[in-house]
Protein chains: 2
Amino acid sequence: MKKTEQDEVILLGHGSGGILTHQLIKTVFQDAFENAILDEMLDAALLNLPHGRIAFTTDSFVVDPVFFPGGDIGKLAICGTVNDLAVSGAKPLYISAAFIIEEGFPPSDLRRIVSSMRETALAAEVRVVTGDTKVVGRGSADKIFINTTGIGLVPEGRRLSPRRIQSGDVVIVSGSIGEHGLAILARREGLSFTTPVVSDSTALHRLAEAVLAAGGAGIKCMRDPTRGGLATTLNELAAQSGKGILVQEELLPIRREVAGGCEMLGIDPLYLANEGKLIVVAAPEAAPQVLEAMRSLPEGEAAVQIGRIIEDEPGLVLLETELGATRILTMLEGEPLPRIC
Amino acid sequence: MKKTEQDEVILLGHGSGGILTHQLIKTVFQDAFENAILDEMLDAALLNLPHGRIAFTTDSFVVDPVFFPGGDIGKLAICGTVNDLAVSGAKPLYISAAFIIEEGFPPSDLRRIVSSMRETALAAEVRVVTGDTKVVGRGSADKIFINTTGIGLVPEGRRLSPRRIQSGDVVIVSGSIGEHGLAILARREGLSFTTPVVSDSTALHRLAEAVLAAGGAGIKCMRDPTRGGLATTLNELAAQSGKGILVQEELLPIRREVAGGCEMLGIDPLYLANEGKLIVVAAPEAAPQVLEAMRSLPEGEAAVQIGRIIEDEPGLVLLETELGATRILTMLEGEPLPRIC
């Protein structure tokens, strides 16, 4: 954007559809997301897709604060949608980005967010091809909300579904849990830890492809444990598969600083959001090569088996404690941590 | 939703990703949008698309008030995205719906909005196949915002683009303008007119298909003049085509009550949003059959030619007044009417 007085804050006019909107699109969005499809500036992006099944997913991001250790709302908005496509077995291709901005938001912050989206999209090999900007009056939204919706291509023959889960299958997680949730909470509450906790916000497309390449048809299902944390995602898998899941507490990868921070705050890391972790359910015979493939990538280097699918207790998640006792791990109730993503 | 105490207002927990989110999805969204793809409840909807070009578009809706004469935010959210696909020459197929809800919002209002989305989607022959719900604290959003993102299929060989516009082409509008904008403004300001002004919010997929069937390759480009109104959309067409557009004021279809209301309020109907109007740029030889086809449908019965493309004044829109004088019609400046859609 050209530096003018109007440039100092986002105005209602930037969402009018008129001159200011066009200036904003040209100087902020088109510059950042430069690609020929977006540049057409039509009501819809026109995409030539190869024949095949399409994965289609949407997420709105309302995280507070907008900037946090390890990322920002823009990085989160790209990674979140890329990851929903990747865990569906799709190659992420195209993203739409829709912004709802509070009047008075600093354009410099918007540029920083958009620049972070650009970098994340480049790294994830997706293109932002269409968008929308609305501006609402002061107090009608909190700073900025971003919706991203994504399209990916699912290769022929690939079929991931919780319905394919069978007893004996193993449950793998790609790394340590709870970091995104705790990083947001700590920043919001003004807490600091001796070893800083940083959001794990990462695109998982490469890791998901590596898992599928290594495990083939042995890969039953993948998920990313975001809102509601690992415990909630495992409960979804248990409910959708109609199987039981037995998790061994001693195998759960939780960093010491996360465990400590959670204990101090009286929260359970199993319910904290992750934004760069993959859960894989795989046939037991595929597990060794899947774990090896995951560990060969930085985003999967701490991959570990945390449990297995059992015939008993259909629909439930059981946690076997280090002392050998077993308790039911329920889905998240209430809302310990709003606006985590 | 089952009637419980928790049901009386939307809680932060309804956006947690946990139990309350699942209840809300099951009892409000799945019931309304019933279809097998949504029911899979995966991270992404899996779609089998026929081979071809895809149109992809996104819009967030922040209209205030949420309910207004002639529609509501839900109807608008479906129509808006259906229309962006339709004017791109695509057959609208699939829609994602993402909700940002303010804590305390009445679930009865949410159900009313979702039910309106359901009806509108059925009428427009699109399916809502994936979604997202976030809840933010009181005062962090104003009631409810909805993002819809759509996928449509563009038939082989169809090519609509402002670059195809040539001098001599005619400009057609499907009916009277300014109604949505004035209806919102009147409701917001508590104004009433002798003849009530009602939003024109309508899905344009059928009208757009009729235009393309009647005009064939003679159809150069279509648009729906939403935010910024007819004047702004024509300016976009002029800029993108590099041609001039001459509009004859006496031909502009404006209802008497809209003209009167606008005069009273000191606003120009040419800059008021429309949510169910189509602008068509067509070769002159195609115009008669296109107009006839449009007029055969209720949503196009008042279709009329309002101007033509001229060689002079490239990039500008000229308005020839009833007295024969000509003035430049600029794009919307500033923001007379925020949160119009």
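Residues numbered from 1 in each chain as written. Chains lettered and ligands numbered in written order. Predicted model: local features only at pLDDT ≥ 70, side-chain atom pairs only at ≥ 80, totals over all residues. Heavy atoms only, no water.

(A) Representation of the domain arrangement of chain A within the structure. Residue and element names in this part refer to chain A. Each assigned domain of chain A is listed with its residue range as follows: domain 1 (5–154) and domain 2 (162–329). Measuring from the centre of the C-alpha atoms in domain 1 to the corresponding centre in domain 2 gives 28 Å. Every contact between the two is made by 20 residues of domain 1 and, on the other side, 20 residues of domain 2. At the boundary of domain 1 with domain 2, total buried surface from both sides reaches about 1,700 Å², with 61% on carbon and sulfur atoms. Area buried by domain 1 at its contact with domain 2 is led by P69, N83 and V87, which between them contribute 33% of it. (Domains from an automatic or database assignment. Contact = heavy atoms within 4.5 Å. Buried area = accessible area lost by both parts, 1.4 Å probe.)

(B) How the structure looks around the interface of chain A and chain B. Each partner contributes residues to the interface: chain A has 75 residues there, and chain B has 74 residues. Overall, the association of chain A and chain B removes approximately 5,900 Å² of surface from exposure, summing both partners, and the carbon and sulfur fraction of that is 58%. A per-residue breakdown of the area chain A buries against chain B is headed by D43, F56 and R227 of chain A, which together make up 14% of the total. Linking D43 of chain A and R223 of chain B is a salt bridge whose minimum nitrogen-to-oxygen distance equals 3.2 Å. Seen at the junction of chain A and chain B, the total is 33 residue pairs in polar contact (both at pLDDT 80 or more). In terms of residues, the side of chain A that touches chain B owes the most to one element, strand 2 (residues 52–61) of chain A, which gives nine residues. (Salt bridge = Lys/Arg side-chain N within 4 Å of Asp/Glu carboxyl O. Polar contact = N/O pair within 3.5 Å; in protein donor to acceptor, adjacent residues only side chain to side chain. Helix = DSSP H or I, 4+ residues; strand = E, 2+ residues; numbered from the N terminus.)

(C) Seen up close, the relation of the copies chain A and chain B. Rotating chain A by 180° about the axis while translating it 0.0 Å along that axis superimposes it on chain B, leaving an RMSD of 0.0 Å. Both copies of the chain, as the preceding transformation shows, are related through a two-fold rotation axis. Using C-alpha coordinates, one finds that chain A approaches the rotation axis most closely at A141 of chain A, a distance of 2.0 Å. An overlap of 99% is found between the interface residues of chain A and their copies at the interface of chain B, pointing to a shared contact surface. (Least-squares fit on C-alpha atoms with pLDDT ≥ 70 in both.)

(D) Highlighting the pattern of salt bridges. What the rule picks out here adds up to 30 salt bridges over all chains. The salt bridge involving E236 of chain A is made with R223 of chain A; its shortest N-O contact spans 3.8 Å. Taken together, the residues E236 of chain A in helix 7 (residues 229–241) and R223 of chain A in strand 9 (residues 219–223) connect sequence positions 13 residues apart. When its relative accessible area of 3% is taken as the criterion, R223 of chain A is described as buried. E299 of chain B serves as the salt-bridge partner of R206 of chain B, at 2.6 Å between the closest nitrogen and oxygen. (Buried < 20%, exposed > 50% of the residue type's maximum accessible area, 1.4 Å probe, protein only.)

(E) Focus on unusual backbone geometry. All names here are of chain A. Residue P65 is bonded to the preceding D64 through a cis peptide linkage, with omega at 5°. Structurally, P65 is set in the loop between strand 2 and strand 3 (67–68). In this structure, E125 takes a positive phi of about 60° despite not being glycine. Within the secondary structure layout, E125 lies in the loop between helix 4 (107–124) and strand 6 (127–136). Judged by relative accessible area, E125 falls into the exposed class, the value being 53%. Backbone geometry at R339 places phi at a positive 55°, although glycine is not the residue there. You can see R339 is positioned in the segment after strand 14 (326–328).

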